[in-house]
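# Architecture and fold: a report
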Amino acid sequence: MATNRFSNVAGFDDAPFSRTHQGSVPVVATVYADLRFDGVLTDKIEKDGFDAAEKIAAMVGQSRFAQHVRLILLQGIALGGFNVVDVFGLHDRLGLPVMVVARKQPDMAAIQNALLTHIARGLEKWAIIKKLGPMEPMENVYVQRVGLSAPEAAAVLRRFCIHGRIPEPIRTAHLIATAMACGQSRGHP
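Residues numbered from 1 in each chain as written. Predicted model: local features only at pLDDT ≥ 70, side-chain atom pairs only at ≥ 80, totals over all residues. Heavy atoms only, no water.

Another point: the environment of Ile77. Turning to its location among the elements, Ile77 is positioned in the loop between strand 4 (71–75) and strand 5 (78–79). Placed 52 residues apart in sequence, Ile77 and Ile129 show a C-alpha to C-alpha distance of 7.6 Å. (Helix = DSSP H or I, 4+ residues; strand = E, 2+ residues; numbered from the N terminus.)

Structure below.
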């Protein structure tokens with residue numbers, strides 16, 4: 001594996017919102033060239049919708065960073081509530097590997113129940129999660145991945161986890177998204 005294969009990455013997170021919120025939710029991406037923070041991308045997705053992969057693909061593909069980004073990092077498989085990212089479609093659209101990162105193992109039974117009983121297109125969303133498979137414990141977090149091997153994913157985590165367990169591009173996206181919604185950054189992804 002070439003050590004610089006994934007030196008340029010885009011990390012995504014959504015802005016916080018209230019449980020009663022309806023409509024769109026801001027999504028932020030930060031773009032890094034190795035550990036240098038190079039830029040920010042923003043857009044909106046529908047809360048509990050099914051447009052996250054399409055919006056992420058457009059955010060990256062239509063940006064000035066399109067030729068440089070080599071990996072997409074996501075803070076969880078869903079943004080904007082249950083707007084499940086079709087990671088396979090995203091991978092196909094951009095031709096880039098996608099890695100999903102979470103601090104803890106999600107409660108898959110609860111997610112399945114919520115999707116199948118309360119969320120529009122829940123069966124399609126659950127099918128994506130099921131196809132992706134269980135999250136793998138790796139370097140003190142849990143990951144799912146498309147288009148990169150377990151050793152490559154571990155190398156990405158070692159390279160970008162500087163101030164905690166979450167990779168810097170996701171951590172920075174979280175701080176910016178939270179500041180956009182709350183007026184100041186807070187918490188951790």
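In terms of burial, strand 4 is largely enclosed, as five of its five residues are buried. Neither face of strand 4 is left uncovered, since the one carrying Leu71, Leu73 and Gln75 and the one carrying Ile72 and Leu74 both have all their residues buried. Here strand 1 (residues 8–14) runs beside strand 4; their pairing, made up of four bridges, is parallel. Bridging from a neighbouring strand, Phe12 pairs with Leu74 of strand 4. Inspection of the sheet shows strand 4 paired to strand 7 (residues 98–102) by four bridges, in the parallel sense. Each residue of the ladder has a partner; that of Gln75, found in strand 7, is Val101. (Buried < 20%, exposed > 50% of the residue type's maximum accessible area, 1.4 Å probe, protein only. Pairing = 2+ DSSP bridges.)

Glancing now at helix 4 (residues 122–132). When helix 4 is considered as a whole, its buried residues turn out to be Gly122, Lys125, Trp126, Ile128, Ile129 and Leu132. In a view along the axis of helix 4, the buried residues occupy a sector of 155°, so they form one face of it. More than 90 degrees from the buried face of helix 4, the exposed residues found are Leu123, Lys130 and Lys131. Contact partners of the buried residues in helix 4: strand 6 (83–84), helix 2 (87–94), strand 7, helix 3 (108–118) and strand 9 (141–146). Downstream of helix 4 by one or two residues, Gly133 has phi in the positive range, about 90°. (Arc of directions from axis to C-beta. Contact = heavy atoms within 4.5 Å.)

Counted as a void, the largest pocket has a volume near 1100 Å³. Around the largest pocket, the lining is made up of 37 residues, and of these Asp14, Gln75, Gly76, Ala78 and Gly81 lie nearest the centre. For the lining of the largest pocket, the elements supplying multiple residues, two or more each, are strand 1, strand 5, helix 3 and helix 6 (168–182). Looking at the lining of the largest pocket, the element that brings in the most residues is helix 3, giving five residues. By residue class, the composition of the lining of the largest pocket is 19 nonpolar, ten polar and eight charged. (1 Å grid on protein atoms, 1.4 Å probe; cavity = no way out; pocket = protein on both sides within 12 Å on 5 of 7 lines; lining within 4 Å. Points joined across faces, edges and corners; volume = space filled by probe spheres on them. Nonpolar A, V, L, I, M, F, W, Y, C, P; charged D, E, K, R; others polar.)

Here the focus is the environment of Glu124. Considering the arrangement of structural elements, one finds Glu124 in helix 4. Under the relative-accessibility criterion, Glu124 is labelled partly exposed at 38%. Placed 13 residues apart in sequence, Glu124 and Pro137 show a C-alpha to C-alpha distance of 25 Å.

Here the focus is the sheet that holds strand 7. One open sheet accounts for seven strands, arranged 3-2-1-4-7-9-8; its pairing is mixed. Among the strands making up the open sheet, the edge pair consists of strand 3 (36–46) and strand 8 (136–138). Each adjacent strand pair in this sheet contributes to an overall mean axis angle of 30°, direction not counted. The pairing of strand 8 with strand 9 spans three bridges and is antiparallel. (Axes fitted to C-alpha atoms, helices over the stretch in contact; angles between N-to-C directions.)

With that settled, the discussion passes to the packing of aromatic side chains. Taken as a whole and assessed by the stated rule, the structure comprises one aromatic pair. The ring of Phe88 has Lys131 lying over it, and the distance from NZ or CZ to the ring centre is 4.3 Å. (Phe/Tyr/Trp six-rings, centres within 6.5 Å; stacked < 30°, edge-to-face > 60°. Lys NZ or Arg CZ within 6 Å of the ring centre and 35° of its normal.)

Moving on to unusual backbone geometry. If you check the backbone angles, Arg121 has positive phi at about 60° while not being a glycine. Relative to the helices and strands, Arg121 resides in the loop between helix 3 and helix 4. Judged by relative accessible area, Arg121 falls into the partly exposed class, the value being 45%. Residue Glu139 is not a glycine yet carries a positive backbone phi of 50°. Along the chain, Glu139 falls in the loop between strand 8 and strand 9. Overall, the relative accessible area of 38% leaves Glu139 in the partly exposed class.

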